[in-house]
Amino acid sequence: MKLLIGITAITLILFGCSASTGSRYETKNETENETSTEVTNNVAEDFNITPYQTEINIEAPPIAANNLPSDVWYGYSDSSSENNTKIVGTIDGFRVQVLSTDNIDEANRIRAEVYEKTTRKEVYVIFEPPFYKVKVGDFTSKSEADNLRFNLNQLGYTESKVVQESVNLFE
């Protein structure tokens, strides 16, 4: 008899204290009498940020590419200062590769820096999968490209190197 009372007490304790398998997110579907776990997010977004926006006006002097300091190039004469606007063809030549990266934003940033720091107008971002390469110049002789590589090295682009490829010919 004590055994029967003990087994009954243990059974009631185990099944009576068990955790519910339901969730607080369960809702009873009244039309089909089924339970579903629908989580509703009824958050009203009524915050207006307009009064907190500020207008920032930064006045910067215009940058003139022709007014570079004379000590930037250390006696380097720029042969592209003429108005070479029309491309008449291509030929095997040399360019100076400044950067090779897989980030297009970084390549465009370096292109803008090189364009601003030098008087060179031939600064290209070329996509050679999987990298974007920033290349400068259209040279027919390796010595001219080496001079530009040396000057870019002075400006802080220490990874610059001369590469051989097809370059543009200007009229």
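Note: the structure precedes this text.
All values derive from a computational prediction rather than experimental measurement.

Peer 1: Provide a residue-level description of the overall build of the protein chain, including the pertinent values.
Peer 2: Helix and strand counts for the protein chain come out as three helices and six strands. Walking the protein chain from its N terminus toward its C terminus, one meets helices and strands in the order α-β-β-β-α-β-β-α-β. Long-range contacts, defined here as pairs at least 24 residues apart, represent 70% of the contacts in the protein chain between residues at least 6 apart. Just so you have it, the protein chain exposes about 13300 Å², and 52% of that area is on carbon and sulfur atoms.

Peer 1: Which residues make up the nonpolar core, and what values do they have?
Peer 2: In this structure, V98, I110, V114, V134, V136 and L152 are the most contacted members of the largest nonpolar core, which totals 15 residues. Listed by contribution, the elements that provide at least two residues to this core are β3 (87-101), α2 (104-117), β5 (131-139) and α3 (142-154). Ranked by residues supplied to this core, first place goes to β3 with four residues. In this view, V136 contacts R95, V96, V98, V114, R120, E122, V123, L148 and L152; residues no more than four positions away in its chain are not counted.

Peer 1: Any details on the pairing of β5? Residues and values, ideally.
Peer 2: For β5, a buried count of seven out of nine residues is recorded, marking the element as mostly surrounded by other parts of the structure. As defined by bridge partners, β3 adjoins β5 across six bridges and the pair is classed as antiparallel. Each residue of the ladder has a partner; that of V96, found in β5, is V136. The pairing of strand β4 (residues 123-128) with β5 spans six bridges and is classified as antiparallel. Each residue of the ladder has a partner; that of V125, found in β5, is V134. Joining the antiparallel neighbours β4 and β5 is a turn of two residues.

Peer 1: Describe the sheet that holds β4, with residues and values.
Peer 2: The strands making up a sheet associate through backbone hydrogen bonding, with each pair oriented either parallel or antiparallel. Strand order in the open sheet made by the four strands is β4-β5-β3-β6, with antiparallel pairing throughout. Edge positions in the sheet fall to β4 and β6 (161-170), since each of these pairs with one other strand and no more. Taken pair by pair, the neighbouring strands of this sheet meet at an average axis angle of 40 degrees, ignoring direction. Contacts between α3 and the sheet are confined to β3, β5 and β6, with β3 contributing the most and set at about 30 degrees to the helix.

Peer 1: Lay out the pattern of salt bridges with the relevant residues and their values.
Peer 2: Counting across every chain of the model gives seven salt bridges. Its salt-bridge partner being K135, residue E128 comes within 3.2 Å of it at the nearest N-O pair. Of the residues examined, E128 reaches a relative accessible area of 30% and is grouped as partly exposed. A salt bridge links E165 to K135; the shortest N-O distance between them is 2.5 Å. A residue pair is termed long-range when its members are at least 10 positions apart, and E165 in strand β6 and K135 in strand β5 qualify at 30 residues. Judged on exposure class, the residue E165 and its partner K135 are both buried. One salt-bridge network, in which partners are shared between bridges, spans R95, E128, K133, K135, D138 and E165.

Peer 1: Account for the packing of aromatic side chains, with residues named and values stated.
Peer 2: Evaluation of the coordinates by the stated rule reveals one aromatic pair. Ring centres of F127 and Y132 lie 4.7 Å apart, and the angle between their planes is 40 degrees; this geometry places the pair in the tilted category. Assessed through its relative accessible area of 45%, F127 is described here as partly exposed. Just above the ring of Y115 sits the side chain of R111; from NZ or CZ to the centre is 5.6 Å.

Peer 1: Account for the side chain of T101, with residues named and values stated.
Peer 2: By secondary structure assignment, the location of T101 is in strand β3. The exposure class of T101 is buried, given its relative accessible area of 8%. A distance of 3.2 Å separates a polar side-chain atom of T101 from the backbone nitrogen of N103. In contact with T101, other than residues within four places in its own chain, are E106, A107, F131 and Y132.

Definitions and cut-offs
Residue numbers run consecutively from 1 along every chain, following the written order of its sequence. Local features in a predicted model are, by the rule used here, given only for residues with pLDDT of at least 70; side-chain atom pairs are given and counted only at 80 or more, and totals for whole chains, interfaces and linings are based on all residues. Only hydrogens and water are set aside when side-chain values are computed; all heavy atoms of the structure are taken into account. Helix numbers and strand numbers start at the N terminus; a helix is a DSSP run of H or I with at least 4 residues, a strand a run of E with at least 2. The criterion used for residue contact is that any of the two residues' heavy atoms lie within 4.5 Å. Residue burial considers only the protein chains on display, and all accessible areas are found by Shrake-Rupley using a 1.4 Å probe. By convention a nonpolar core is built from buried Ala, Val, Leu, Ile, Met, Phe, Trp, Tyr and Cys residues, the set being connected through side-chain atoms within 4.5 Å. Throughout this description, buried means an accessible area under 20% of the type-specific maximum (1.4 Å probe, protein chains only), exposed means over 50%, and partly exposed covers the range between. Between any two strands, pairing holds if DSSP finds at least two bridges. Working convention: axes come from line fits to C-alpha atoms, limited for helices to the stretch in contact. Angles between N-to-C directions cover 0 to 180 degrees. Within this document, salt bridges are pairs made up of a side-chain nitrogen of Lys or Arg and a carboxyl oxygen of Asp or Glu, the two lying within 4 Å of each other. The criterion for an aromatic pair is that two Phe, Tyr or Trp rings (for Trp, the six-membered ring) have centres within 6.5 Å, with stacked assigned to planes under 30 degrees apart, edge-to-face to planes over 60 apart and tilted to the rest. Placement of a charge over a ring requires the Lys NZ or Arg CZ to be within 6 Å of the ring centre, with the centre-to-atom vector within 35 degrees of the ring normal. Whenever two N or O atoms come within 3.5 Å, that pair is a polar contact, provided that in protein one can donate a hydrogen and the other can accept it, and provided that, for residues adjacent in sequence, both atoms are side-chain atoms.

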